[in-house]
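Working through the structure, step by step
Letter by letter, the chains look like this.
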Amino acid sequence: MFAALLLCAAALLCVGTTTALYMNQSFLRSVARNQDQEAGKFNSNILASQMYNPPSPPGDYPYSSSDYPIRVLTYPKDLPSGREFNDTITVRNYIPGNASAVSQYRIDYDFKIIYRGCTNGFTYTVNDETKTAGPDGELIFYIAGETLPGRAMSSHDYTFNFYSDDLDSLTITAFAVPVSGSLNYTANQFLAARLTPCTESNIKPFSCVGLYSDRTTGAPADYDAYNYEVLISNGRAEVTVTWDSDVFTLDPFFTSRLSAQGAGTAEEAEYYLPGTTQKYRLENGTGTERSITFVMDYSLGNTDYIIPFYIKGTSKATVIHGFTWSELETAEYIKVTGREVSATP
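The following paragraphs examine the structure supplied in this document.

How each quantity is defined
- Chains are numbered independently. Their residues run from 1 in the order of the written sequence.
- Only residues with pLDDT of at least 70 are given local features in this predicted model, and only at 80 or more are side-chain atom pairs given and counted; all residues enter the totals for whole chains, interfaces and linings.
- Just so you know, side-chain values use all the structure's heavy atoms and leave hydrogens and water out.
- When DSSP locates at least two bridges between a pair of strands, those strands are taken to pair.
- Under the scheme used here, helices are H or I runs from DSSP no shorter than 4 residues and strands are E runs no shorter than 2 residues, and both carry numbers assigned from the N terminus.
- Geometry is summarised by axes, namely lines fitted to C-alpha atoms with helices restricted to the contacting stretch, and by angles between N-to-C directions that run from 0 to 180 degrees.
- Under this definition, polar contacts are N or O atom pairs within 3.5 Å; protein pairs additionally need one hydrogen-donor-capable and one acceptor-capable atom, and for neighbouring residues in sequence, both atoms have to be side-chain atoms.
- Whether a residue is buried, partly exposed or exposed follows from its accessible area with a 1.4 Å probe, protein chains only, as a fraction of its type maximum: under 20%, in between, or over 50%, in that order.
- We call two residues contacting when some pair of their heavy atoms lies within 4.5 Å.
- By convention a nonpolar core is built from buried Ala, Val, Leu, Ile, Met, Phe, Trp, Tyr and Cys residues, the set being connected through side-chain atoms within 4.5 Å.
- Each salt bridge in this description consists of a side-chain nitrogen of Lys or Arg and a carboxyl oxygen of Asp or Glu lying within 4 Å of one another.

1. Some details on the sheet that holds strand 20 (residues 334-340)
In a beta sheet, neighbouring strands are held together by backbone hydrogen bonds and run either parallel or antiparallel to one another. In space, the 4 strands of this open sheet follow the order 17-18-15-20, with antiparallel pairing throughout. Both outer strands of the open sheet, strand 17 (280-284) and strand 20, are each paired with one neighbouring strand and no more. The mean inter-strand angle of the sheet, taken between neighbouring strand axes irrespective of direction, is 20°. Inspection of the sheet shows strand 15 (residues 236-244) paired to strand 18 (residues 289-297) by 9 bridges, in the antiparallel sense. Counted as the bridge partner of Thr240 is Thr293 from strand 18.

2. A word on the side chain of Thr293
Checked against the element boundaries, Thr293 lands in strand 18. A distance of 2.8 Å separates the side chain of Thr293 from the side chain of Thr240, its partner in a polar contact.

3. Structural notes on the environment of Ile113
Within the secondary structure layout, Ile113 lies in strand 6 (residues 107-116). Given the relative accessible area of 1%, Ile113 is considered buried. The spatial distance from the C-alpha of Ile113 to the C-alpha of Thr173 is 5.7 Å, given a sequence separation of 60 residues. Sequence-distant contacts of Ile113, that is, excluding residues within four places in its chain, are made with Ile89, Val126, Leu139, Ile140, Phe141, Phe160, Ile172, Thr173 and Ala174.

4. Some thoughts on the nonpolar core
Residues Val91, Phe111, Ile113, Tyr115 and Phe162 are the most contacted members of the largest nonpolar core, which totals 32 residues. Looking at this core, the elements with two or more residues in it are strand 4 (70-75), strand 5 (84-92), strand 6, strand 7 (123-126), strand 9 (138-148), strand 10 (155-163), strand 11 (171-178) and strand 12 (189-199). Membership of the second largest hydrophobic core comes to 31 residues, among which are Cys208, Leu258, Phe294 and Leu328.

5. A few points about the pattern of salt bridges
Taken as a whole, this structure holds 9 salt bridges when the rule is applied. Here Lys316 ties to Asp244 by a salt bridge, and the two come within 2.6 Å at their closest N and O atoms. You can see Lys316 sitting in helix 3 (residues 315-318) and its partner Asp244 sitting in strand 15, a full 72 residues away along the chain. Taking the relative accessible area as the measure of exposure, Lys316 reaches 31% and is therefore partly exposed. A relative accessible area of 9% means that Asp244 is categorised as buried. Between Glu289 and Lys335 there is a salt bridge whose closest N-O contact spans 3.5 Å. Of this pair, Glu289 sits in strand 18 while Lys335 sits in strand 20, and the two are 46 residues apart along the sequence.

What follows is the structure, encoded as structure tokens:
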């Protein structure tokens, strides 16, 4: 089942650029028990949070690129050769739309981009550094010693390019990895994503899936909370996530992030639920069921949400620590449904 979900994730696409993502947070018991941790404040518009394990061999970045979230950038087919595209990754120390959610600590980190599948002889640039691709198609850009000062909003931008000739063959893997003890201020997390530019011929039918993104590390019993990831494969959708309130509490920052989407911009209405001026809706269901409904839209780039749920100290909740990940999914204490809706006029 999980392999199938990963294939769904690989089918994701967006129109020309990738925008806001919702940050993963670390809830391994050995790392974090506090809901007010710093983890979510080290984040990005494109990269997603990942649990850091010491690299092996030393000096390598953790995990292989296949472990990272996929962000697919989609462009028209039959473009002329040599057409250049640019995109920008932003790394920051605050949660957009929440003026009080700023890291209190200085975060030092290294930034790295790996291109694989470049067009031979073409030039590629990350900020001020330019390199020419050779026959092997691989280029590495490394920017060391980046700093985000604490107690004030701070960010760094990394603009990169690629070409129409690269579509359907290029993979760009990007990392922002805290160094010099800064992992202590990001709840042992770094940022990463794998970007795959492709043509519209690869568009897949609409689907909406949910999974526990922590399942790649440890067992359910190892966590005080879980990151529940919601993915859509295409189009625009009204998505409802339902949970058992006897077992879980929704992370309150998630509703704050939904409220902040598009705030003060001409596109703000695109984030409203159909026929309303609301960006989300909380409802009570049958018995102990609670739900939240919101919009996801490929044209806006909000195609992948990671929603933290905290485990309550109830007797019903303690049962899940005896589950495997598959049993936890089957129990449907958290579940998602999505229906495709028309674009906002």
